Amino acid sequence: WKRIRRGVAKEFAAVFKEVLEKEGGYTIVDEPAEDVLLIVPALSELKASALDLNRPGRNTVYVAEANEQHGTLSLEAFDSLTGEILARAVHSQAVREYGGWQYSHGPWQYSRESRVENVRLARQMFRVWATALRDRLDEFHGK
């Protein structure tokens with residue numbers, strides 16, 4: 001679980017940094033200052049349907065509904081100097097791709113595909129949230 005948590009946190013931070021800093025022009029800092037917003041995210045109910053088998057030997061996996069991710073983001077925004085809460089949001093997101101029955105054979109191939117697919121769908125879900133946050137910040141700043 002620790003590996004999964006670290007991986008999710010890393011991808012979440014990377015997507016938010018990309019959307020807010022690179023695409024939105026906002027500066028992400030590590031220290032409180034004037035005109036700095038402290039954003040505290042919390043992910044819950046994170047679910048990935050792509051299996052991640054990493055067992056020796058041959059494995060055959062059948063899944064009826066492939067490529068689904070679900071998660072809930074709770075986000076609080078504070079004035080970084082005063083600690084005053086300025087905004088709170090909660091949003092559930094589901095990302096699904098339907099392809100009918102999916103067959104995969106062999107432990108290494110399926111594990112790689114599952115891990116890659118889980119990361120891709122998680123990043124897609126995180127991008128929706130990061131873009132919504134950037135859009136609200138843009139509205140606030142009159143962009």
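Residues numbered from 1 in each chain as written. Predicted model: local features only at pLDDT ≥ 70, side-chain atom pairs only at ≥ 80, totals over all residues. Heavy atoms only, no water.

**Q** Break down the environment of glutamate 84 for me, with residues and values.
**A** Along the chain, the position of glutamate 84 falls in the loop between strand 3 (68–79) and strand 4 (85–96). A sequence separation of 46 residues divides glutamate 84 from leucine 38, and the C-alpha atoms of the two residues are 9.9 Å apart. If near-sequence neighbours (up to four positions away) are discounted, glutamate 84 is found in contact with Ala77, Phe78 and Asp79. (Helix = DSSP H or I, 4+ residues; strand = E, 2+ residues; numbered from the N terminus. Contact = heavy atoms within 4.5 Å.)

**Q** Describe the side chain of glutamate 11, with residues and values.
**A** Following the sequence through the fold, glutamate 11 ends up in helix 1 (residues 2–23). Glutamate 11 gets classed as buried once you look at its relative accessible area, which sits at 19%. Glutamate 11 has contacts with Val119, Arg123 and Phe126, leaving out every residue within four places of it along the chain. (Buried < 20%, exposed > 50% of the residue type's maximum accessible area, 1.4 Å probe, protein only.)

**Q** So what about the confidence of the model for the protein chain? Which residues, and what values?
**A** Segments scoring low in pLDDT should not have their predicted coordinates read at a detailed level. Confidence in the prediction of the protein chain, expressed as mean pLDDT, is 77, and 70% of residues score 70 or more. Per-residue pLDDT, averaged within each element of the protein chain, yields its smallest value for strand 5 (residues 102–105) (41) and its largest for helix 1 (91). Counting interchain partners and residues more than four positions distant, the pLDDT-below-50 stretch residues 98–113 has 35 contacts. (pLDDT = per-residue confidence, 0-100.)

**Q** Kindly report on the pattern of salt bridges, identifying the contributing residues and their values.
**A** Opposite charge on two side chains makes pairing possible when the charged atoms of those side chains draw close. Within this structure, the stated rule accounts for nine salt bridges. Residue lysine 17 pairs with glutamate 21 through a salt bridge whose shortest N-O separation is 3.6 Å. With lysine 17 and glutamate 21 both in helix 1 and four residues apart, the pair spans about one turn of that helix. Overall, the relative accessible area of 24% leaves glutamate 21 in the partly exposed class. The salt bridge involving arginine 136 is made with glutamate 139; its shortest N-O contact spans 3.0 Å. Taken together, the residues span about one helical turn, with arginine 136 and glutamate 139 both in helix 2 (residues 107–141) at a distance of three residues. According to the relative accessible area criterion, glutamate 139 is exposed, its value standing at 55%. One network of salt bridges, in which partners are shared, links Glu11, Glu18, Glu23, Arg123, Arg127, Arg134 and Asp135. (Salt bridge = Lys/Arg side-chain N within 4 Å of Asp/Glu carboxyl O.)

**Q** Please provide a residue-by-residue account of the packing of aromatic side chains, values included.
**A** Following the criterion strictly, the structure yields three aromatic pairs and no others. A centroid spacing of 5.2 Å and a plane angle of 75 degrees characterise the contact between phenylalanine 12 and phenylalanine 126, whose relative ring orientation is edge-to-face. A residue pair is termed long-range when its members are at least 10 positions apart, and phenylalanine 12 in helix 1 and phenylalanine 126 in helix 2 qualify at 114 residues. Each member of the pair, phenylalanine 12 as well as phenylalanine 126, is classed as buried. Across from the ring centre of tyrosine 26, 4.0 Å away, lies the NZ or CZ of lysine 143, which sits over that ring. (Phe/Tyr/Trp six-rings, centres within 6.5 Å; stacked < 30°, edge-to-face > 60°. Lys NZ or Arg CZ within 6 Å of the ring centre and 35° of its normal.)

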